[in-house]
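Observations on the three-dimensional arrangement
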2 protein chains.
Amino acid sequence: MTGHNPGMNVTGHTSRTASIRDVAAAANVSYQTVSRVINGHPSVKQSTRERVLAAIDELGFRRSATAHALASGRSRSVTVLTANTTHHGYASILQGIEEAARSASYTVAIGVLESADETAVRAEVQRAADAGGGLIVIAYDPAGVRALQQVPEGIPVVGVVETPARTPGSDRPWVWTDDRVAAYEATRHLLSLGHETVHYVAIPSSTRRTAARTAGWRAALREAGAPEPRPVQGTWGPAGGHAAGRKLAADPSVTAILCGNDDLALGVMRALHEAGRSIPGEVSVAGFDDAPHAAYLTPSLTTVRLDFTGLGRAAFGLLHGVVEQSAPVAPHPVSVPELVVRESSGPPPVIS
Amino acid sequence: MTGHNPGMNVTGHTSRTASIRDVAAAANVSYQTVSRVINGHPSVKQSTRERVLAAIDELGFRRSATAHALASGRSRSVTVLTANTTHHGYASILQGIEEAARSASYTVAIGVLESADETAVRAEVQRAADAGGGLIVIAYDPAGVRALQQVPEGIPVVGVVETPARTPGSDRPWVWTDDRVAAYEATRHLLSLGHETVHYVAIPSSTRRTAARTAGWRAALREAGAPEPRPVQGTWGPAGGHAAGRKLAADPSVTAILCGNDDLALGVMRALHEAGRSIPGEVSVAGFDDAPHAAYLTPSLTTVRLDFTGLGRAAFGLLHGVVEQSAPVAPHPVSVPELVVRESSGPPPVIS
DNA sequence: GCCAGGATTGTGACCGGTCACAATTACCTC
DNA sequence: GAGGTAATTGTGACCGGTCACAATCCTGGC
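A brief look at the structure comes next. This is a predicted model, so every value here is computed, not measured.

Of regular secondary structure, chain A possesses twelve helices and twelve strands. Looking at chain A residue by residue over its 352 residues, the buried ones come to 51%. Taking the contacts inside chain A whose residues are at least 6 apart along the sequence as the reference set, 70% of them involve residues at least 24 apart. Summed over its atoms, the accessible surface of chain A is roughly 16000 Å², and 53% of this surface lies on carbon and sulfur atoms.

Let's shift gears to the interface of chain B and chain A. At the junction of the two partners, chain B supplies 51 residues and chain A supplies 51 residues. It is Arg102, Arg270 and Tyr296 of chain B in chain B that bury the most area against chain A; as a group they hold 17% of the surface buried on that side. Applying the counting rule to chain B against chain A returns six salt bridges. The salt bridge partner of Glu114 of chain A is Arg102 of chain B, with a shortest N-O separation of 2.9 Å. At the junction of chain B and chain A, the tally comes to 16 residue pairs in polar contact (both at pLDDT 80 or more). Looking at the side of chain B that touches chain A, the element that brings in the most residues is helix α4 (residues 65-72) of chain B, giving seven residues. Considered class by class, the residues forming the side of chain B that touches chain A number 23 nonpolar, 18 polar and ten charged. Bridge count for strand β2 (residues 107-112) of chain A against strand β2 (residues 107-112) of chain B is three bridges, and the pairing is antiparallel. Bridging from a neighbouring strand, Val108 of chain A pairs with Ile110 of chain B of β2 of chain B.

Considering the arrangement of structural elements, one finds Thr66 of chain B in helix α4. If we skip the residues at most four places from it in the chain, Thr66 of chain B touches Thr66, Ala69, Leu70 and Ala131 of chain A.

Each of the two chain copies goes to the other by way of a rotation about an axis and a shift along it. Each copy of the sequence occupies a distinct position, and chain B is placed on chain A by a rotation of 180° and an axial shift of 0.0 Å, giving an RMSD of 0.1 Å. One copy is carried onto the other by what is essentially a two-fold rotation axis. For chain B, the residue whose C-alpha comes nearest the rotation axis is Ala109 of chain B, separated from it by 1.9 Å.

Our focus in this paragraph is helix α11 (residues 262-274) of chain B. Residues and elements named next belong to chain B. When the terminal C-alpha atoms of α11 are compared, their 18 Å separation across 13 residues agrees well with the 18 Å that a helix rising 1.5 Å per residue should span. Extensive coverage of α11 is indicated by the burial of eleven of its 13 residues. Within α11, the full set of buried residues consists of Asp262, Asp263, Leu264, Ala265, Leu266, Gly267, Val268, Met269, Arg270, Ala271 and Leu272. Where α11 is buried, its residues touch β6 (199-202), α10 (238-250), β8 (256-259), β9 (284-286) and β10 (303-305).

Remark: helix α4 (residues 65-72) of chain A packs on α4 of chain B, axes separated minimally by 9 Å, with the N-to-C direction vectors making an angle of 130°. Relative to α4 of chain B, α4 of chain A is oriented oblique. Crossing hand, α4 of chain A versus α4 of chain B: left-handed. On α4 of chain B, the residues that touch Thr66, Ala67, Ala69 and Leu70 of chain A of α4 of chain A are Thr66, Ala67, Ala69 and Leu70 of chain B.

Pairing is possible between side chains of opposite charge, provided their charged atoms come close. The tally for this structure, following the rule as stated, stands at 38 salt bridges over all chains. When the shortest N-O distance is used, the salt bridge between Asp130 of chain B and Arg62 of chain A registers 2.4 Å. Pair noted here: Asp130 of chain B is in helix α6 (residues 118-130) and Arg62 of chain A is in the loop between α3 (46-59) and α4, and the two residues belong to different chains. A residue is classified by how much of its surface remains accessible, and Asp130 of chain B, at 23% relative accessible area, is partly exposed. Among the charged side chains, a network of salt bridges with common partners joins Asp290, Arg305, Glu338 and Arg342 of chain A.

What follows is about the sheet that holds strand β6 (residues 199-202) of chain A. Residues and elements named next belong to chain A. Read from one edge of the open sheet, four strands run β7-β6-β8-β9, paired in parallel fashion. Strand pairing shows two members of the sheet lacking a second neighbour, β7 (232-233) and β9 (284-286), which therefore form its edges. By the bridge criterion, three bridges tie β6 to strand β8 (residues 256-259) in an arrangement that is parallel. Within β8, the position partnered with His199 by the bridge is Ile257.

Residue and element names in this part refer to chain A. With 16 residues, helix α12 (residues 308-323) ought to run about 22 Å at 1.5 Å a step, and its terminal C-alpha atoms sit 23 Å apart, in line with that. Those residues of α12 not exposed but buried are Phe308, Thr309, Gly310, Leu311, Gly312, Ala314, Ala315, Phe316, Leu318, Leu319 and Gly321. Contact partners of the buried residues in α12: β1 (77-82), α5 (88-103), β3 (134-139), β4 (157-161), β5 (174-177) and α9 (212-224).

Let us look at the side chain of Thr214 of chain A. If you trace the backbone, Thr214 of chain A turns up in helix α9. In contact with Thr214 of chain A, other than residues within four places in its own chain, are Tyr200 and Pro231 of chain A.

All names here are of chain A. For the structure shown, the criterion picks out eight aromatic pairs over all chains. With a centroid separation of 5.2 Å and 80° between ring planes, the pair formed by Tyr106 and Phe316 is classed as edge-to-face. Placement of Tyr106 in the loop between α5 and β2 and of Phe316 in helix α12 is noted, with a sequence separation of 210 residues between them. Grouping aromatic residues by their ring pairs yields a cluster made of Tyr90, Tyr140 and Trp236. The ring of Tyr31 has Arg21 sitting right over it, with the charged end atom 4.3 Å from the ring centre.

Looking now at the environment of Ala65 of chain B. Looking at the secondary structure, you find Ala65 of chain B in helix α4. Sequence separation between Ala65 of chain B and Ser75 of chain B is ten residues; the distance between their C-alpha atoms is 7.8 Å.

All names here are of chain B. One open sheet accounts for four strands, arranged β7-β6-β8-β9; its pairing is parallel. A strand with exactly one partner marks an edge of an open sheet, and here the two such strands are β7 (232-233) and β9. Pairing geometry for β8 and β9, over three bridges, is parallel. From the neighbouring strand, Ala256 faces β9, where its bridge partner is Ser284. Across the sheet, helix α8 (residues 179-192) touches β8 and β9, and the angle it forms with β8 is around 165°.

Attention now moves to unusual backbone geometry. The omega angle of the peptide bond from Ile279 of chain A to Pro280 of chain A is 5°, so this bond is cis rather than trans. Each neighbour pair has its own omega, and for Thr298 of chain B with Pro299 of chain B the value is -5°, a cis peptide bond. Looking at where Pro299 of chain B falls in the secondary structure, it is placed in the loop between β9 and β10. The phi dihedral of Asp289 of chain B is positive, around 115°, even though this residue is not glycine. Here Asp289 of chain B is to be found in the loop between β9 and β10. Located in the positive-phi region is Asp290 of chain B, a residue other than glycine, with phi close to 55°. We classify Asp290 of chain B as buried; its relative accessible area is 14%.

Attention now goes to the environment of Glu118 of chain B. Along the polypeptide, Glu118 of chain B turns up in helix α6. There is a polar contact of 2.9 Å between the side chain of Glu118 of chain B and the side chain of Gln150 of chain B.

Rules and cut-offs
Residues numbered from 1 in each chain as written. Chains lettered and ligands numbered in written order. Predicted model: local features only at pLDDT ≥ 70, side-chain atom pairs only at ≥ 80, totals over all residues. Heavy atoms only, no water. Helix = DSSP H or I, 4+ residues; strand = E, 2+ residues; numbered from the N terminus. Buried < 20%, exposed > 50% of the residue type's maximum accessible area, 1.4 Å probe, protein only. Contact = heavy atoms within 4.5 Å. Areas by Shrake-Rupley, 256 points an atom, 1.4 Å probe, with all protein chains shown as cover. Buried area = accessible area lost by both parts, 1.4 Å probe. Salt bridge = Lys/Arg side-chain N within 4 Å of Asp/Glu carboxyl O. Polar contact = N/O pair within 3.5 Å; in protein donor to acceptor, adjacent residues only side chain to side chain. Nonpolar A, V, L, I, M, F, W, Y, C, P; charged D, E, K, R; others polar. Pairing = 2+ DSSP bridges. Least-squares fit on C-alpha atoms with pLDDT ≥ 70 in both. Expected span 1.5 Å × (residues − 1). Axes fitted to C-alpha atoms, helices over the stretch in contact; angles between N-to-C directions. Parallel < 35°, antiparallel > 145°, perpendicular 65-115°, else oblique. Left-handed = near helix turned anticlockwise from the far one by under 90°. Phe/Tyr/Trp six-rings, centres within 6.5 Å; stacked < 30°, edge-to-face > 60°. Lys NZ or Arg CZ within 6 Å of the ring centre and 35° of its normal.

Here it is in structure tokens:
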């Protein structure tokens, strides 16, 4: 025997799924006709089509996605590159992408950027690129930002970014939520309650200088002529918030805290509680994202709702437009953040 | 010109990445030799290998994953089928799988089972199967269970299940955590504090009858001769817990509640708070999973820690063993749950 | 100096589809 | 019934790799 036969399994039965050639033989037509049928090509005689269709489901034929991708050059797949898959924002974006991808019958792969290390990132980007489809990079952190830069030329890519490029009018395939406005509004809310200033616990940021949330917070303070305390650096999870919260709790002048996300807020609240400071009686706390638990905490958390799922869907939509270049690439969809006031924010304590 | 050229992009420049034939030409060897070099085959003369290597990185050659998969029949990829990607347990399992897969240089794809509807599930399973690689099905819910059943013969698959098959000694490629024991221990903990009985808020379960968590809870009650209240059906998120909690809060005889997961517990705690019942003074609450927020709630949540990440890694390990059938398939790895006692559980109120 | 045998390298076919174009067949009109 | 056009169907090459086997190159032993 010549050639090879990877479809042979251990038992010796040739169990490989039927190919179009097999179907063609069964239906007594050429493989090309089978190809036409499975692709819904119009010019196939009705009777022939039926014969082929019958053969197809008798043999249980299913078109190999791999072979299709190789031959056609179109892979109908997206790889999502992200530094994390579990935190609320990331997970929700991924969910949104998956939803949109599924309904366009695209396949979704994920690649996690475990470290922001240059070569590690490069390796992961390469792997993703080799997969053949498009890329969506979540660039909320240094690893993601670096990944976005390293995507080789010629590969369709969409970035989910924190802040749009310096030129907002540019047509980079990017999507984002207006975190700056969101932070601005949350801060204004707290200031409007009468707080002298608002402290900020930051998420690990992609680009320190221009971090949108930080910028929005600062802008609101500046506009109100409030003092600008240094932001406290946090992590993504509650543990980081807890650490930050302890420092802030020790400072009696702190009466309002804005947190980079709801998990951070949770940690901060816990730290305040441990320090015996009541919320919102002595200190007000606001979060960011409106994660599912925010509404159920005690006190429930004032936060800014961000539509991450929608963001994910938009990202996929953009990518889809890019690869099927038929669809005109829609301009950057930007979802509007919404302030959700709950129990954790209130007026500052009265100084007596 | 005959044939086709999918690598031609809009600009007309042929930008396709070099193939082994291109490299071969550049290095003045046959394509087979290039193949040998990239696969590390031993019998290639050192000087030739170097020449090829030089050509490879001069041309920026990267082996097409698609072509490789098609020709070799091995795709080095896993598709994870799951009903959800955002809830703690699911997300952590996915994370574990991804970690393990990445270090084995496998690609991870995800397929979400949006509904448990028979045909919807079948469609998604088919899509996953068409992708070519192995499958890991998270079967914690009806959709997942159904998916696991529908995986066509001949495709390597590993199930992450709630309860092992009726015959624990069977060698189905399944992994699980011992949720039954976990629930049993949590319940015992509460009973040992003096509660007359423990109520249970259940997660949507895969197989009502045999739901492991429910079974463990029931076993502990029975063993202690405690009354067995009907479990309250919850959802996966805090909202469901909140609804369940309202019912339970209305019943003054309820002094201890075990929840099917930490999000449910959060909702329950909130409902109790709204009803003016203190935790743990009047009612004790215990969760399940030890999600990141559990330790930071106020009161912090007593729960059972489950190693989902490890479970995910184990699932991948099993799958890897199955596909590279060289590695002996390890017996079901079972991680041991650990009770974490925190502030939300305490003795029942003294009846005076 | 010739030959066997291992080390290297090359050739042809194949994986399961798609594309471009040629070949047939069917249907209409005059 | 001939001729022409539209509708169907078939053929050959190709995507970018891998496998099986054949061919060529070297080297040492006699």
